[in-house]
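Read off the chains here:
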Amino acid sequence: MGTGKKEKSRKEREGKGDEFGNVKTKGENFYRSAKKVKVLKRLTAGTAQRNAKGDITHSAVFQSREAPIARVEPNRKWFNNTRVISQDALENFRSAVQAQASNPHTYLMKRNKLPMSLIEEKGNVNGLKVHAAKIEVAAQPFSATFGPKMQRKRPKLEFQSMEDLAGRTGDMHDTYLERLDQAKLLSGTSGEPENENAAVNPDGDFAAAREFIFLKGTSKRIWNELYKVIDSSDVILHVLDARDPDGTRCRSVEKYIRTEAPHKHLVFVLNKVDLVPSKVAAAWVRHLSKEFPTLAFHANINNSFGKGSLIALLRQFSSLHSDRKQISVGMVGYPNTGKSSIINTLRKKKVCVVAPIAGETKVWQYITLMKRIYMIDCPGIVPPNQNDTDEDLLLRGSVRVENVEYPAQYIEAVLRRVQPRHLQRTYDIKDYNNDAVTFLECLCRKAGRLLKGGEADIDGAAKMVLNDWIRGKIPWFTPPPYKEGEETGPINERRDGKLGEMSKKRKRGGESEATASVAATPNATVATQEDDEFGGFSDDDDLELDADLDDDDEEEGDESDDDEEGGTLLEAVTDDDASEDDEDVEEEVAAISQALSKAKKRQRTT
Ligand SMILES: Nc1nc2c(ncn2[C@@H]2O[C@H](COP(=O)(O)OP(=O)(O)OP(=O)(O)O)[C@@H](O)[C@H]2O)c(=O)[nH]1
C-alpha cells in the first residue's frame, strides 16, 4: 500500500480497478467508513466542539442537559403471562389450604412454589401494605364496581371516628408488649434487670432476691446456641419431661418457630414415660398431639420405648425432603429432659455426654444418625417466664442441686407434691407429720448423716432428696388436663397417692386397664400403622412397657428405676438400627429378584 500515484500504478499493474472494491489507498480511513464513524460517534457521544478560544460551542451528548425523549416500545408480551383467578376459586383454595395448615399432622410442603401471599391474607402482599380501600374494592362484585349501576363507595376504614382510633391504642399496647417479649427472646436476654440478684416485678416493685444459679439456661450464650440449632434444623424435636410436660414446654420457642419458621416441623417427644403410669402418659400424648405431633419415649440404650416410631417419623420427614441430601433434626428443651439420652438411644451408642445434672451439654453438636439424617444436640434452655419460681425451676431439674444455697427450703414443696406414703416407702421413715424439718431430721438419723456434735446434716439430706426427686426415684407426676365430661377419676386418684398401689395392681395382673387406655389413642403418634414393626404406641409395646414397669417393681420395689438399670422386656421395640434395616430391605429385594429370574428361566425351558 503506497501513496496516491504509486498505489494507482500498482492497481493498474495488478489489473485491479476501483470495481475490485476493497483496495484503498493510503490517506483514506480504510478501517471505518464515514457512516461507521458517525455511528461510533453517536455511541461514544463524541466530544464537545470548541471555538478558537477553546470555549465549548457545542457540547458533547454526555454534557448536555437536555433530557432525551424515551419511550417503551409497546409489546403484546406485556399481556401474555397474566394469570387470573376468580374470587370464588381463590376463596375455595384458601379454605382448603387453611384446613390443611390447621391440622398439626400435616405440613405445607414446597411453600415457595405456592402463592403464599394469596393464601396468607395478612393485610399485606409481598411485604407491601395494601390500602384498606383496595381490599374493599376487591371484595365488591364486578357489577357494583364497574357495571352501569356502579356506585362509588367510600373506602371502609378500620375505624370510624377519632375515638375509635384512640381506643385502638389498647390493642397496640398489647401488640407492643408481645413484640417486646419476642425481642427479649431474640436478643437472648431474659429481660432481667442489670443487677441479676434482684428480680423486678412487672409493676416495678422489687421481688425477692434471686440466687444467680436460678438464671442458668437463660444466658445469651445458651440462647444463641438454641437459635443456631433452630436455624440449622429441618425438624425440631421438643423434648418434654413426662412427669411435668406443661412445665417443661418452651412456649416462646414454639411461638418463635410458628411465626418465624413455619416451614420447620416441630414434634413433641414426651420422654421419661417410664416414670409415670401409662395411662397418664397416654393422656398427655393425646392432649399434646392436639397442637403438635407427639411421641412417647423412654430413652435407654438397651430397653427403649418409642425408638422405632421416632426413627420411622424421621424417615418420613427425610422422604418428604427427598430433594435434599440430608435433613437435620434439632433437639431442644429444658435442661435434664433427656435430649442427649434420646440421641444415644437412637444411635444405640454413647455419643453424647449424659448426666443427671442440668447443663451437661454445653454447646451444640452434630451427630450422624443415618446417611440422610443428622441430629443436633442443643444445651438445655430455660425460657424467661415471670411466673416460674425458683422452686419450680429446681424441681424441674433445670438447676444443679449442689449449687443451691439453702436446699432445705425446697423440701416443703416436695412434701406438698408427693404423698406421704410414697416418701415413707422410699426412705423407710415414718412419723414426720408432713413437716420438712422433722422429715429431714428423721432422714439424717436414718441415714447417719450427722455433723459435728451429733447435729443433723439438714442441707445434705435435702440435697439427697432433691437429687432423688430429679432422678425420678420419688414417684410423682402432673395430672393431664381433662376435657369437659371426661372421666377424671383414676388418674387423679393415682396422683393422690395410688401410684404405689398401681404397681401392686399390675403385679396382680391389672395391666389390661392401663393398656386399653393407651391403645385408645391411635392418632396420638405420627408414625403410621404400617410402621408398627418399629414399635410405637401400639398395644404390644404398651404391654411391654407395662411389663417393664412390673419388672422394675419386682426387682427394685420402686417403679422409678434408673434407665441404666431398667427392665429387660422391651423387645417389641426393634433394636435394628437404620442401616441394618436398609440391608434387610436390600436382601429381600435381591431374594425376590432371584426368585423371579428362576421362574422366568423355568418358563422358558418348558
Ligand atoms: N428414667 C429415665 N431417665 C431418663 C430418660 N431419659 C433421660 N433420662 C435421665 O435424665 C438425665 C438427663 O439426661 P440428659 O440426656 O443428660 O438430658 P439433657 O436434656 O441432654 O440435659 P442437658 O445436657 O442439661 O441439656 C440422665 O440421668 C438420664 O439418665 C428416660 O427416658 N427415663
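Since the structure is predicted, the reported quantities are computational estimates derived from the model, not experimental observations.

## Remarks on the site of the ligand
Then comes step 1: Close to the ligand lie 23 residues, the nearest being Lys339, Ser340, Ser341, Gly359 and Thr361.
Then comes step 2: The backbone of glycine 380 places a nitrogen or oxygen atom 3.2 Å from an oxygen atom of the ligand.
Then comes step 3: Bound to the protein, the ligand loses 97% of the 660 Å² it would expose on its own.
Then comes step 4: Sort the elements by how many residues they give to the shell around the ligand and helix 13 (residues 339-347) lands first, with three residues.

## Side note on the pairing of strand 7 (residues 235-241)
Then comes step 1: Strand 7 sits mainly inside the fold: seven of its seven residues count as buried.
Then comes step 2: Of the two faces of strand 7, the one carrying Val235, Leu237, Val239 and Asp241 and the one carrying Ile236, His238 and Leu240 are both buried.
Then comes step 3: Relative to strand 8 (residues 265-271), strand 7 runs parallel, the two sharing seven bridges. Within the sheet, the bridge partner assigned to leucine 240 lies in strand 8 and is leucine 270.
Then comes step 4: Relative to strand 10 (residues 327-333), strand 7 is paired through five bridges, and the arrangement is parallel. Bridging across to strand 10, isoleucine 236 finds its partner in glycine 330.

## What about the side chain of serine 289?
Then comes step 1: Residue placement: serine 289 occurs in the loop between helix 11 (278-288) and strand 9 (294-296).
Then comes step 2: On the accessibility criterion, serine 289 (8% relative accessible area) is buried.
Then comes step 3: A distance of 3.2 Å separates a polar side-chain atom of serine 289 from the backbone oxygen of arginine 286.

## Description of the pattern of salt bridges
Then comes step 1: By the definition in use, this model includes 13 salt bridges.
Then comes step 2: Among the ionic pairs, arginine 324 bridges to aspartate 234, the shortest N-O distance being 2.6 Å. In this pair, arginine 324 is assigned in the loop between helix 12 (307-320) and strand 10 and aspartate 234 in the loop between helix 9 (220-232) and strand 7, connecting sequence segments 90 residues apart.
Then comes step 3: One salt bridge connects arginine 249 with glutamate 254, and the closest N-O pair in it is separated by 2.7 Å. Glutamate 254 shares its class with arginine 249; the two are buried.
Then comes step 4: Through salt bridges with shared partners, a single network forms among Arg249, Glu254, Arg258 and Glu291.

Calculation notes
- Residues numbered from 1 in each chain as written.
- Predicted model: local features only at pLDDT ≥ 70, side-chain atom pairs only at ≥ 80, totals over all residues.
- Heavy atoms only, no water.
- Near = heavy atom within 4 Å.
- Polar contact = N/O pair within 3.5 Å; in protein donor to acceptor, adjacent residues only side chain to side chain.
- Areas by Shrake-Rupley, 256 points an atom, 1.4 Å probe, with all protein chains shown as cover.
- Helix = DSSP H or I, 4+ residues; strand = E, 2+ residues; numbered from the N terminus.
- Buried < 20%, exposed > 50% of the residue type's maximum accessible area, 1.4 Å probe, protein only.
- Pairing = 2+ DSSP bridges.
- Salt bridge = Lys/Arg side-chain N within 4 Å of Asp/Glu carboxyl O.

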